[in-house]
Amino acid sequence: QLQASGGGEVQAGGSVRLSCAASGRTFSSAVGWFRQAPGKEREFIATITWSGTMQYYADSVKGRFTISRDNAKNTVYLQMSSLKPEDTAVYYCAASLEGSWPPKQYLYWGQGTQVTVSS
């Protein structure tokens, strides 16, 4: 089971760090972050390999968001900086079992956490 946390309301230009914690199993897989804004389709944000040595980002967040992981804590993080009102969305984490990179399918999804960026 995956659980995303750390969301909240932040002003434009601010920063937030999201966490994705796994329970019941360990993260022996790539983990990705996604978001879904009201009325929009779910959007890929970033993904990281199990080892943490490779990361892949959507162009919309490249340079502003950083994905990382601490396997000892079984947790993946998304550090979000220089936030914009258009970053407002529910953010989800998910785990992939694919061997390809970057993964295209994610099997295990967590509950989302709301991030609201005010102008």
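Residues numbered from 1 in each chain as written. Predicted model: local features only at pLDDT ≥ 70, side-chain atom pairs only at ≥ 80, totals over all residues. Heavy atoms only, no water.

Undergrad: Mind laying out the packing of aromatic side chains, listing which residues take part and the relevant values?
TA: Considering all chains together, one arrives at five aromatic pairs under this definition. A ring pair is formed by Phe-34 and Tyr-106, whose centres lie 4.9 Å apart and whose planes are at 80°; its orientation type is edge-to-face. Of this pair, Phe-34 sits in strand β4 (residues 30-36) while Tyr-106 sits in the loop between β9 (89-96) and β10 (108-109), placing them 72 residues apart in sequence. Judged by its relative accessible area of 10%, Tyr-106 falls in the buried class. Through a chain of ring-to-ring contacts, the aromatic side chains of Phe-34, Phe-44, Tyr-56, Tyr-106 and Trp-109 assemble into a single cluster. Just above the ring of Phe-34 sits the side chain of Arg-42; from NZ or CZ to the centre is 5.8 Å. Residue placement shows Arg-42 over the ring face of Trp-109; its charged tip is 3.9 Å from the ring centre. (Phe/Tyr/Trp six-rings, centres within 6.5 Å; stacked < 30°, edge-to-face > 60°. Helix = DSSP H or I, 4+ residues; strand = E, 2+ residues; numbered from the N terminus. Buried < 20%, exposed > 50% of the residue type's maximum accessible area, 1.4 Å probe, protein only. Lys NZ or Arg CZ within 6 Å of the ring centre and 35° of its normal.)

Undergrad: Tell me about the state of the cysteines, and name the residues and values.
TA: The bond known as a disulfide is covalent and runs between the sulfur atoms of two cysteines. Summed over all chains, the structure comprises one disulfide. Between the sulfur of Cys-20 and that of Cys-93 lies a disulfide, 2.1 Å long from S to S. In this structure, the disulfide formed by Cys-20 and Cys-93 twists by about 75° around the S-S bond and is classed as right-handed. Taken together, the positions of Cys-20 in strand β3 (residues 16-22) and Cys-93 in strand β9 put the pair 73 residues apart, joining distant regions of the chain. Each member of the pair, Cys-20 together with Cys-93, is buried. (Disulfide = S-S within 2.5 Å.)

Undergrad: Please provide a residue-by-residue account of the pattern of salt bridges, values included.
TA: Scanning all chains against the criterion turns up four salt bridges. Here Glu-43 ties to Arg-35 by a salt bridge, and the two come within 2.8 Å at their closest N and O atoms. Given a relative accessible area of 7%, Arg-35 falls into the buried group. (Salt bridge = Lys/Arg side-chain N within 4 Å of Asp/Glu carboxyl O.)

Undergrad: Hey, could you go over a nonpolar patch on the surface for me, with residue numbers and the actual values?
TA: Together, Met-54, Tyr-56 and Trp-101 line one region of the surface with nonpolar side chains, adding up to about 280 Å² of accessible area. Structurally, Trp-101 can be placed in the loop between β9 and β10. (Patch = residues over 30% accessible without salt bridge, like charges linked within 9 Å, V, L, I, M, F, W, Y side chains within 5 Å. Areas by Shrake-Rupley, 256 points an atom, 1.4 Å probe, with all protein chains shown as cover.)

Undergrad: Give a description of the pairing of strand β8 (residues 75-80) that names residues and reports values.
TA: Of all six residues in β8, five are buried, a share of seventy percent or more. Here β3 pairs with β8 via six bridges, running antiparallel. Each residue of the ladder has a partner; that of Ser-19, found in β8, is Tyr-77. Of the strand pairs in this sheet, strand β7 (residues 65-70) and β8 are connected by six bridges, and their pairing is antiparallel. Residue pairing for β8: Thr-66 is matched across the bridge by Gln-79. Taking the residues that link successive antiparallel strands as the turn, the β7-β8 hairpin has four residues, and the phi of Asn-74 there is positive, at about 55°. (Pairing = 2+ DSSP bridges.)

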